[in-house]
Structure formats: structure tokens, C-alpha cells
Amino acid sequence: MISDSSLVVGIKGHVVCIRKSDGRELWRTHLRGSDTTSVVRDEDTVFAATNGYVYALNVSDGAIRWVNNLPRLGYGACTMGSPNQGALAALQIIAQQQAAMLAAITASSGAVAAASS
């Protein structure tokens, strides 16, 4: 089972899972075609889209669970999202804002201390 310490990459009809700490490849799955491959991870599933198909892969080993050929939509580029990604992005923005506020307060406190001495 992979954890948050792994990165899922979509490239040329493949999905590759890489361990963040050392770059070691954990698994690789070849999908139909060799076009741009969009990926999104949602809990225990990696969703990938390429060449007009959407795949659901097991996050633990990359095995294909199901395939949908998106009938009558063609082969254009595809973007995807998940509710969990939105929540994560929001938390990251809040954390960045809090860090910026803390840095501003720290800088302000240092300036006040220097002015009063």
C-alpha cells in the first residue's frame, strides 16, 4: 500500500507511482495509447485519463479496476479533480496564509523591539 509519501505521475499512456523520499518506482501501469495522461488520486484509487479513456487503478499496486471509454467524446486532453484535492488545496492555502501572518508578526515584533532599545 502506498501512502502520502508517494507521488503518482501520468506520462505517455502510463501511470507511475514513485516514492517521494528516494525516487524509487513502486509500480507502473501501461494504459491504452501513448498520449498525455492526466491523473488524480482519491483515497484508495488513482484515476487516469488518456486517449479518450478513463481508468480506475488500485493505489496499492496499479492494477486496473475498471475502464470507461467516454462514448462520443473523442480523444482530446482531459482534466480531472476530486473533492479531496479541493480540501487539500484549501488547507495548503490556509497554512501558507498562517505562515505569512506569523512571519509578519515576528518581523513586526523585531522592529518594535529594535526601535525601543
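Please read all numbers here as calculations on a predicted model, not as lab measurements.

1. Overview of the pattern of salt bridges
Thought 1: Summed over the entire model, instances satisfying the criterion amount to three salt bridges.
Thought 2: Put simply, Asp44 and Arg65 hold a salt bridge, and the shortest N to O gap is 3.5 Å. Of the two residues, Asp44 is situated in the loop between β4 (38-42) and β5 (45-50) and Arg65 in strand β7 (residues 64-68); the sequence distance between them amounts to 21 residues.
Thought 3: Exposure remark for Asp44: the relative accessible area of 40% places this residue in the partly exposed category.
Thought 4: Looking at Arg65, the relative accessible area reads 39%, which means it is partly exposed.

2. Section: unusual backbone geometry
Thought 1: For Lys12, which is not glycine, the phi torsion reads 45° and is therefore positive.
Thought 2: Structurally, the position occupied by Lys12 is in the loop between β1 (6-11) and β2 (14-19).

3. A closer look at the sheet that holds β4
Thought 1: Spatial ordering of the open sheet is given by β4-β5-β6-β7, a layout of four strands whose pairing is antiparallel. Of all strands in the sheet, those with a lone pairing partner are β4 and β7, marking the two edges. Going across the sheet, the axis of each strand differs from the next one's by a mean of 20°, ignoring polarity.
Thought 2: As paired strands, strand β6 (residues 53-58) and β7 are joined by four bridges and run antiparallel to one another. In the strand pairing of β7, Tyr55 is matched with Val67.

4. Considerations on the confidence of the model for the chain
Thought 1: Of the residues in the chain, 70% have a pLDDT of 70 or more, and the chain-wide mean is 79.
Thought 2: Mean pLDDT in the chain bottoms out at helix α1 (residues 83-116), which sits at 63, and peaks at strand β3 (residues 25-30), which reaches 96.

5. A short note on the pairing of β2
Thought 1: Here β1 pairs with β2 via six bridges, running antiparallel. Its bridge partner being in β2, Val9 is matched across the sheet by Val16.
Thought 2: Here β2 pairs with β3 via five bridges, running antiparallel. Along β3, the bridge assignment pairs Cys17 with Trp27.

6. Some points on the sheet that holds β3
Thought 1: Judged by pairing direction, the sheet is antiparallel, and its three strands sit side by side in the order β1-β2-β3 without closing on themselves. Looking at which strands have only one partner, the edges of the open sheet turn out to be β1 and β3. Looking at each pair of strands side by side, their axes are set apart by 15° on average, direction ignored.

What counts and what doesn't
Residues numbered from 1 in each chain as written. Predicted model: local features only at pLDDT ≥ 70, side-chain atom pairs only at ≥ 80, totals over all residues. Heavy atoms only, no water. Salt bridge = Lys/Arg side-chain N within 4 Å of Asp/Glu carboxyl O. Helix = DSSP H or I, 4+ residues; strand = E, 2+ residues; numbered from the N terminus. Buried < 20%, exposed > 50% of the residue type's maximum accessible area, 1.4 Å probe, protein only. Pairing = 2+ DSSP bridges. Axes fitted to C-alpha atoms, helices over the stretch in contact; angles between N-to-C directions. pLDDT = per-residue confidence, 0-100.

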